[in-house]
Amino acid sequence: MVGSLMITALLVPLAFYFFVFRRVRIHSVTQLLGPPPGPWLVGNMPDIDRAENVGDAEFKWTKIYGPTICIKGQFGRDIMFTVDPKALQYILCSSGYRFPKSSDFRFLAGIATGRGIVWAEGEQHARQRRIMDPAFSHNSIRDFLPIFQERTRMLVAKWRDIVLQDMASSSVIDVHSWLARLTLDIIGGTLDYEFGAINGEVNNELTRAYKTLFSDLFYKPSDTIIAFQDFCGYLPSSIATMIQSFPGRRPEMLRNYFKAANHVGQRLIDRQVELLAAGHKGGKDIMSLLVNANSCQVVSGKLSNEELLAQLTTILVAGHETIGLTMGWILYELSQNSIIQGEIRKEITHVRAQRGQEGSGVFAAGDLDSMIYLNATIKETLRFHPAVPFLTRVARSDDVIPLSHPQQTRNGELLSAIPVSKGQRFRLSLAGYNRLPMVWGEDADQWNPERFIRGISRTEDIKLDIVSGIRGERGCIGMLELQVILAELVENFRFSSAPGNPEIIRAPMGVMGPMVKGVNPPRAELPLTITPVI
């Protein structure tokens, strides 16, 4: 309550100055169709941020008004909302730093992960990327394969123990919380650090800080929070530390999280620096590779200690939360589709037998790549349930955005390109793009891995699969991790709905998280029935 009052106290006296005198109104997109504007303070944002399911508003708007529309943001701002393939490709891929992240997103990213690669733009981003590339090279990622396998087998053993303790043929578990533990332990392994989450070390500081971070911070924000998040983009970055010191539950969670993440990160950095000082290069874990790469840079190219800590926080969020969520949605969809689940299990059994004949029962990366249904299931889930459902960008200068699908204006004119002014905001809906029939076929609104096996019938050639990680290059650490986890779990368990088949909603909580509809208080969870495969 006190924190909300402080936020309101900041908004009221400053809103007039920033948004009347300093805001440059962008009128070029107002000719586009769009939903009725909401209140001036928050616009249409509550329709998105407080929807029951991620995409409810976006899917409806796209069907009614078209792929590229004008919606209202906070403080009456006009936002170009688009799912158009060519527009997305132009903004995200073709034009590089001409469309940087919006200032409010960067401010919030700085609060959530520090000044790491998610926060950085331009030369800062390029410099940080140069340091991080060695840790995520093709060869480095393959070196992590045994870690992925070992940690996943620990989870398999834990789940088998749960079923035995229940003295039943199957058990109902919250796979969301268990997958969060697994992915945290996997990230720990790649950092040469033991979190002990799978084995129940609930007192581990980072495990405890992460438990409900996203759902508690971002689910169903109030109008005041929605407005304040946008307003943050106009504040100096130094204010981020002040916000974390505010009273209230949300700032306290952020403080606990940062304290835990920075404590772990500093220990890892100090250990590696000491090894380098003693003449040792260290291991092949991510932190060793980061510190080693940083030490080889000229002074102007080095990352500061703060930036190194921010990279660790970013890795934890990206590798822990998004992978765990995606894996949960995969298991949920398989629990609804026993046929696809069976096809994956047959593939695994076949490849496992081949490896056994060769004298090794352990899968190599090539074995995982060869499993057609397994990989199609991962790609289809990345499409249908993108963990990060949207991105925001802003035009650095005047530009013209090309469209694949001509968009009707309010006066009936059809536009094949949209002129925009410097400062124009964009809301890029990946969830909406991933449901476009022109890209994914007429059954785009259905989960169907067969589309990646039979081939996708598209009305035009669009190469934007990478926006949701769907293309699945071997250079993606997340793809290999998902392959390992899915192969191990489906080989050992059958997944089906929990008793009563509770409805699972795609809750908007910064990311797309699972919740059981109607549970109060709401919390991220995904109950499924697991049955060991004998």
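The preceding data block contains the structure.
Now for a quick tour of the structure. What you see is a predicted model, and the numbers here were worked out from it, not measured in a lab. (Residues numbered from 1 in each chain as written. Predicted model: local features only at pLDDT ≥ 70, side-chain atom pairs only at ≥ 80, totals over all residues. Heavy atoms only, no water.)

As for the overall build of the protein
Note the cut-off: Each helix is a run of DSSP H or I of at least 4 residues and each strand a run of E of at least 2, with the numbering of both proceeding from the N terminus. To sort residues, take the accessible area from a 1.4 Å probe on protein chains only and compare it with the maximum for the residue type: under 20% means buried, over 50% means exposed, and anything in between is partly exposed. The contact rule is simple, with two residues in contact once any of their heavy atoms fall within 4.5 Å.
In terms of regular secondary structure, the protein is built from 23 helices and 11 strands. Relative to its 534 residues, the protein shows a buried fraction of 56%. Long-range contacts, defined here as pairs at least 24 residues apart, represent 75% of the contacts in the protein between residues at least 6 apart.

Considerations on the pairing of strand β11 (residues 527-532)
As a reminder, the rule being used: The pairing criterion is simple: DSSP has to find at least two bridges between the two strands.
Of all the six residues making up β11, five are buried; the element is thus mostly covered by neighbouring parts of the structure. As judged from the four bridges shared by strand β3 (residues 171-174) and β11, these two strands associate in the antiparallel manner. By the bridge assignment, V172 is partnered in β11 with T529. As paired elements, strand β8 (residues 493-497) and β11 share five bridges and run antiparallel to each other. Paired with R494 across the bridge in β11 is T531.

Thoughts on empty space enclosed by the protein
Test applied: Residues are called lining when one of their atoms sits within 4 Å of a cavity or pocket point, these points coming from a 1 Å grid over the protein atoms alone, where a cavity is a set in which a 1.4 Å probe fits but cannot get out and a pocket is an open set with protein on both sides within 12 Å along at least five of seven lines. Grid points are joined across faces, edges and corners, and a volume is the space filled by probe spheres set on the points. Gly is placed with the polar residues, together with every amino acid not listed as nonpolar (Ala, Val, Leu, Ile, Met, Phe, Trp, Tyr, Cys and Pro) or charged (Asp, Glu, Lys and Arg).
A full pass over the atoms with the stated rule returns two cavities of 30 Å³ or more. Of the voids in this model, the largest cavity is the one considered here, and its volume is about 40 Å³. Along its surface, the largest cavity is lined by Y332, Q336, S497, A498, N501, P502, I504, L526, P527 and L528. A breakdown of the residues in the lining of the largest cavity according to their chemical character gives seven nonpolar, three polar and no charged.

Re the sheet that holds strand β2 (residues 78-82)
Spelled out, the test is: Helix axes use the C-alpha atoms of the stretch in contact, all axes being lines fitted to C-alpha atoms, and the angles between their N-to-C directions lie in the range 0 to 180 degrees.
The strand order across the open sheet formed by four strands is β1-β2-β7-β4, and the pairing between neighbours is mixed. Both edges of this open sheet fall to β1 (68-72) and β4 (390-394), since each of them pairs with a single strand only. On average, adjacent strands in this sheet sit at an angle of 30° to one another, irrespective of strand direction.

Description of the sheet that holds β3
Sheet architecture is open: three strands sit in the order β3-β11-β8, paired in antiparallel fashion. Every interior strand has two partners, whereas the edge strands, β3 and β8, have only one. Going across the sheet, the axis of each strand differs from the next one's by a mean of 40°, ignoring polarity. Sheet strands touched by helix α16 (residues 305-335): β8 and β11. Its angle to β8, the strand with the most contacts, is close to 75°.

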